[in-house]
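So you can see what is in the structure, the chains are spelled out below.
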Amino acid sequence: MLFETNNIPIQELDSRLLREKNIKVKVARLDKIHPVISGNKLFKLHYFLEAARRHKQPIVTFGGPYSNHLAATAYACRLTGLTCFGVVRGEQPSALSATLTRCVEDGMKLMFTPRKEYSEISQHPGARNMPGVPAGSLFIPEGGYSPTGAKGASLIMDMPAALDASFIVTALGTATTTAGLLQKVTAAQQVIAVPVLKNLTDIPGRLLYLNGKPANDNIIVWDHYHFGGYAKKTQQLIRFMNELYEQHGVPTDFVYTAKMMFAVMDKINAGFFPRGCTILCLHTGGLQGNQSLEKDQLIF
Ligand SMILES: *Cc1c(COP(=O)(O)O)cnc(C)c1O
């Protein structure tokens, strides 16, 4: 691992509601591992980086203009001295997003690609001979979506706090993190996935591809907390983020972790969780994405 992951801070939330219901909510602050390679991205990249370093391969990866994955990959490559290329979805804008500006500062070479072409090459990366990319480069699919990414994500389950949790909750984008958690979950535990995209109907197929076998019944998917779709938000969500920060000092990002935490709190209120249970919420990082919000929306 590029950074120390043996001491991930675990933050237990305290409120009257939680005490009354006798439910423990712990937040595993993967976001605190590193400000840029934060959260689950470090884990998903782990085995890719290991292979690229061993064979001194340049890295090619894919993402949108606000992609946490691109930001993490660029930074990791700078640290490890690897050349890296970021294939960015869409035409080159007149001004780069904060995320892409960082990527460039970290030495990533950006290749803007019209949407249609992007969806073709990002889905069949290794198969393409891309102009400008050295032969023998290592391709990392968008979001690390691959069995290699899932294997890396499974390392998240090695933290001691995962042992005594009845439920382990994560936001779900590509399902790679969820797949990794499922690799190590025990029969007494459940993984809860909160998709942040609308109409993500192919989760079973994704898990099958990622883990090479279908998910058993240790998974619960709550698919109505996407707030309108990927990177969509409402005033209710922003208000929730500010309240969560005010009450518990947990900053979240509006694309992933806020929707996950909202879902957990909503389900606690609705009586979903049994008394005496421990819920481990994964703070998968992504805080850099809040830079795309208008100023003054968030109190943190
Ligand atoms: C990328 C990302 C996710 C989604 O993880 P998947 O493995 O793609 O499901 C969740 N949270 C944050 C903060 C992310 O950046």
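Conventions used here
Residues numbered from 1 in each chain as written. Predicted model: local features only at pLDDT ≥ 70, side-chain atom pairs only at ≥ 80, totals over all residues. Heavy atoms only, no water. Pairing = 2+ DSSP bridges. Helix = DSSP H or I, 4+ residues; strand = E, 2+ residues; numbered from the N terminus. Axes fitted to C-alpha atoms, helices over the stretch in contact; angles between N-to-C directions. Core = buried A, V, L, I, M, F, W, Y, C linked by side-chain atoms within 4.5 Å. Buried < 20%, exposed > 50% of the residue type's maximum accessible area, 1.4 Å probe, protein only. Contact = heavy atoms within 4.5 Å. Polar contact = N/O pair within 3.5 Å; in protein donor to acceptor, adjacent residues only side chain to side chain. Parallel < 35°, antiparallel > 145°, perpendicular 65-115°, else oblique. Left-handed = near helix turned anticlockwise from the far one by under 90°. Nonpolar A, V, L, I, M, F, W, Y, C, P; charged D, E, K, R; others polar. Near = heavy atom within 4 Å. Areas by Shrake-Rupley, 256 points an atom, 1.4 Å probe, with all protein chains shown as cover.

**Student:** With reference to specific residues and values, describe the sheet that holds strand β7 (residues 167-172).
**Tutor:** Spatially, β1-β2-β10-β7-β8-β9 is the arrangement adopted by the six strands of the open sheet, whose pairing is mixed. Only two strands of the sheet have a single partner each, and these edge strands are β1 (10-12) and β9 (219-221). The average angle at which neighbouring strand axes cross in this sheet is 25°, direction not considered. Bridging between strand β8 (residues 190-195) and β9 involves three bridges; their strand directions are parallel. Bridge pairing links I192 to I220 in β9.

**Student:** For the nonpolar core, give the residues involved together with the corresponding values.
**Tutor:** With 53 residues, the main nonpolar core has I59, M159, I168, L280 and L282 as its most contacted residues. When sequence neighbours within four positions are dropped, the list of residues in contact with I168 reads M157, A162, L181, V185, Q189, Q190, V191, I192, L280 and L282. Counting residues in each nonpolar core, the second largest holds 38 residues, with L18, Y225, L237 and I238 among its members.

**Student:** With reference to specific residues and values, describe the side chain of T174.
**Tutor:** In this structure, T174 sits in the loop between β7 and α7 (176-184). Only 2.7 Å separates the side chain of T174 from the side chain of T176, close enough to count as a polar contact. Apart from residues lying up to four places away in sequence, T174 is in contact with K44, E142, G143, Y145, R206 and L210.

**Student:** Mind laying out the packing of helix α3 (residues 68-80) against helix α4 (residues 98-105), listing which residues take part and the relevant values?
**Tutor:** α4 packs onto α3 with a crossing angle of 15° between their chain directions and a minimal axis gap of 9 Å. With respect to each other, α3 and α4 are oriented roughly parallel. Regarding α3 and α4, the two cross each other, and that crossing is left-handed. Every residue of α4 that contacts α3 at L70, A71, A74, Y75 and R78 is listed here: T99, L100, R102, C103 and E105. Its residues placed into classes, the contact of α3 with α4 shows six nonpolar, one polar and three charged.

**Student:** A description of unusual backbone geometry should follow, citing residues and the corresponding values.
**Tutor:** Positive phi, close to 55°, is recorded for N22, a residue that is not glycine. Tracing the backbone shows N22 in the loop between α1 (16-21) and β2 (24-29). Not every positive phi belongs to a glycine, and A175 is a case in point at roughly 85°. In this fold, A175 is placed in the loop between β7 and α7. Under the relative-accessibility criterion, A175 is labelled buried at 2%.

**Student:** If you had to explain the site of the ligand to someone new, which residues and values would you point to?
**Tutor:** Of all residues adjacent to the ligand, which total 14 residues, the nearest are K41, N68, T174, T177 and T284. Measuring from an oxygen atom of the ligand, one finds a side-chain N or O atom of N40 at 3.0 Å. One of the side-chain nitrogen or oxygen atoms of T174 is found 2.6 Å away from an oxygen atom of the ligand. Out of a free accessible area of 390 Å², the ligand has 98% covered by protein chains. Those elements that provide at least two residues to the shell around the ligand are α2 (40-55) and α7. Residue contributions to the shell around the ligand peak at three residues, all from α2.

**Student:** Explain the pairing of β7 to me, using residue names and the numbers behind them.
**Tutor:** A regular strand places its side chains so that they alternate between the two faces of the sheet. Most of β7 is tucked away: six of the six residues are buried. Residues F167, V169 and A171 point to one face of β7 and I168, T170 and L172 to the other, with burial holding for every one of them. Here β7 runs beside β8; their pairing, made up of six bridges, is parallel. Across the sheet, the residue bridging to F167 is Q190, located in β8. Where β7 lies against strand β10 (residues 278-283), three bridges are found, and the strand directions are parallel. Of the residues in β10, the one forming a bridge with V169 is C281.

**Student:** Describe the sheet that holds strand β5 (residues 109-113), with residues and values.
**Tutor:** Taken in spatial order, the four strands of this open sheet run β5-β4-β3-β6, and their pairing is parallel. Each of the sheet's edge strands pairs with one partner strand only, and the pair in question is β5 and β6 (138-140). On average, each strand axis in the sheet is inclined to that of its neighbour by 20°, with strand direction left out of account. Direction of pairing for strand β3 (residues 59-63) relative to strand β4 (residues 84-89): parallel, over a ladder of five bridges. Bridged to T61 within β4 is G86. Contacts between α2 and the sheet are confined to β3 and β6, with β6 contributing the most and set at about 170° to the helix. Sitting on the sheet, helix α5 (residues 115-123) is in contact with β3, β4 and β5, with an inclination near 130° to β4.

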